[in-house]
Amino acid sequence: ATIKPMDQLCGECHQDSVEAARTAPFPHVAAGGGHCVSCHNPHTGEGSGLLRQEPGILCRQCHDPGGASSGQDGRHATHSGFECTTCHQPHGGERPMLFVDDSVQLCGTCHTHEHGVRHPLGEASRDPRTGSPMSCLSCHGIHRADGEMYLFESDQRMHCIGCHKDLVGRET
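From a predicted model like this one, the values you see are computed outputs, not experimental measurements.

Chemist: How should the overall build of the chain be read in this particular structure?
Modeler: Looking only at helices and strands, one finds five helices and four strands in the chain. Listed N to C, the secondary structure of the chain is α-β-α-α-β-α-β-β-α in terms of helices and strands. Relative to its full complement of 172 residues, the chain shows a buried share of 26%. Residue pairs in contact within the chain that sit at least 24 positions apart in sequence constitute 36% of those at least 6 positions apart. When the accessible surface of the chain is totalled, it reaches about 11400 Å², and 54% of it is carbon and sulfur.

Chemist: Would you take a moment to explain the side chain of Asn-41 for this structure?
Modeler: When you line up the elements, Asn-41 lands in the loop between helix 2 (29-32) and helix 3 (55-63). Look at Asn-41 and you get buried, because its relative accessible area is 18%. For Asn-41, the side chain forms a polar contact with the main-chain nitrogen of His-43, separated by 2.9 Å. The contact partners of Asn-41, leaving out residues within four places of it in the chain, are Leu-50 and Arg-52.

Chemist: Please explain the environment of Val-37 as it appears in this structure.
Modeler: As for its placement among the helices and strands, Val-37 is situated in the loop between helix 2 and helix 3. The class of Val-37 is partly exposed, set by a relative accessible area of 29%. Between the alpha carbons of Val-37 and Leu-51 there is a distance of 8.8 Å; along the sequence they are 14 residues apart. Aside from chain neighbours lying at most four places away, what touches Val-37 is Met-6, Pro-42 and Arg-52.

Chemist: Would you take a moment to explain helix 1 (residues 6-23) for this structure?
Modeler: Because each turn of an α-helix spans 3.6 residues, side chains separated by three or four positions in sequence point in the same direction. With 18 residues, helix 1 ought to run about 26 Å at 1.5 Å a step, yet its terminal C-alpha atoms sit only 16 Å apart, falling short of that. At His-14, helix 1 shows its largest bend, some 125 degrees. Restricting attention to buried positions, one finds in helix 1 the residues Met-6, Cys-10, Gly-11, Val-18 and Ala-21. For helix 1, the secondary structure elements touched by its buried residues are strand 1 (26-27) and helix 2.

Chemist: So what exactly am I meant to see when it comes to the pairing of strand 3 (residues 122-126) here?
Modeler: Where strand 3 lies against strand 4 (residues 133-134), two bridges are found, and the strand directions are antiparallel. By the bridge assignment for strand 4, Gly-122 is matched with Met-134. Where strand 3 hands over to strand 4, the hairpin turn is made up of six residues, of which Gly-131 adopts a positive phi near 80 degrees.

Chemist: I would appreciate a short explanation of the pattern of salt bridges in the present structure.
Modeler: Taken as a whole and assessed by the stated rule, the structure comprises six salt bridges. In this structure, Arg-22 and Asp-7 form a salt bridge, with 2.9 Å as the shortest nitrogen-oxygen distance. Asp-101 serves as the salt-bridge partner of Arg-95, at 4.0 Å between the closest nitrogen and oxygen.

Chemist: For this particular structure, what's the right way to read unusual backbone geometry?
Modeler: Only a minority of non-glycine residues have a phi that is not negative, and only a minority of peptide bonds are not trans. At Leu-98, a position not held by glycine, the phi torsion is positive, near 55 degrees. Mapped onto the elements, Leu-98 comes out in the loop between strand 2 (92-93) and helix 4 (103-110). Overall, the relative accessible area of 14% leaves Leu-98 in the buried class. Located in the positive-phi region is Tyr-150, a residue other than glycine, with phi close to 60 degrees. Relative to the elements of secondary structure, Tyr-150 occurs in the loop between strand 4 and helix 5 (156-161).

Thresholds applied
Residues numbered from 1 in each chain as written. Predicted model: local features only at pLDDT ≥ 70, side-chain atom pairs only at ≥ 80, totals over all residues. Heavy atoms only, no water. Helix = DSSP H or I, 4+ residues; strand = E, 2+ residues; numbered from the N terminus. Buried < 20%, exposed > 50% of the residue type's maximum accessible area, 1.4 Å probe, protein only. Contact = heavy atoms within 4.5 Å. Areas by Shrake-Rupley, 256 points an atom, 1.4 Å probe, with all protein chains shown as cover. Polar contact = N/O pair within 3.5 Å; in protein donor to acceptor, adjacent residues only side chain to side chain. Expected span 1.5 Å × (residues − 1). Bend = angle between axes of the 7 residues up to and from the residue. Pairing = 2+ DSSP bridges. Salt bridge = Lys/Arg side-chain N within 4 Å of Asp/Glu carboxyl O.

So yeah, pure geometry; function would need other evidence.
Take a look at the structure:
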């Protein structure tokens, strides 16, 4: 046992991180709950931040996307080999899924050509399945998709028909 609750003890030196994790609109369960040692070892660790393990291994201990270690088809532990923290805030953040930026902007950082040229995105184009604004994640699963380019459906035409019912019966 520690002499103080973990978030108070860690907060003596890392108050900004602890407070941000505690008050984030979308907290990371471990960080927001004051369980710093779920990810960090206060005595020694891998690289910066005294992490218990390298980020990809550490994050997958809780966040295995249903197949990264199971060998199931279409499962990807990371997107193009990035570390989880390239796209996700480790302590919590302002956006769902702890994204570091709006998903369209975030994906557009690397996918400059695809950024908005393939399909209308944003408030003006609503996903008919959810009513949410279209984003890259409306079609691409990133961590969990069976099709090429991380599409949810391996047959691209069938993927489009999921929303565009008017295409049924048309020849391509």
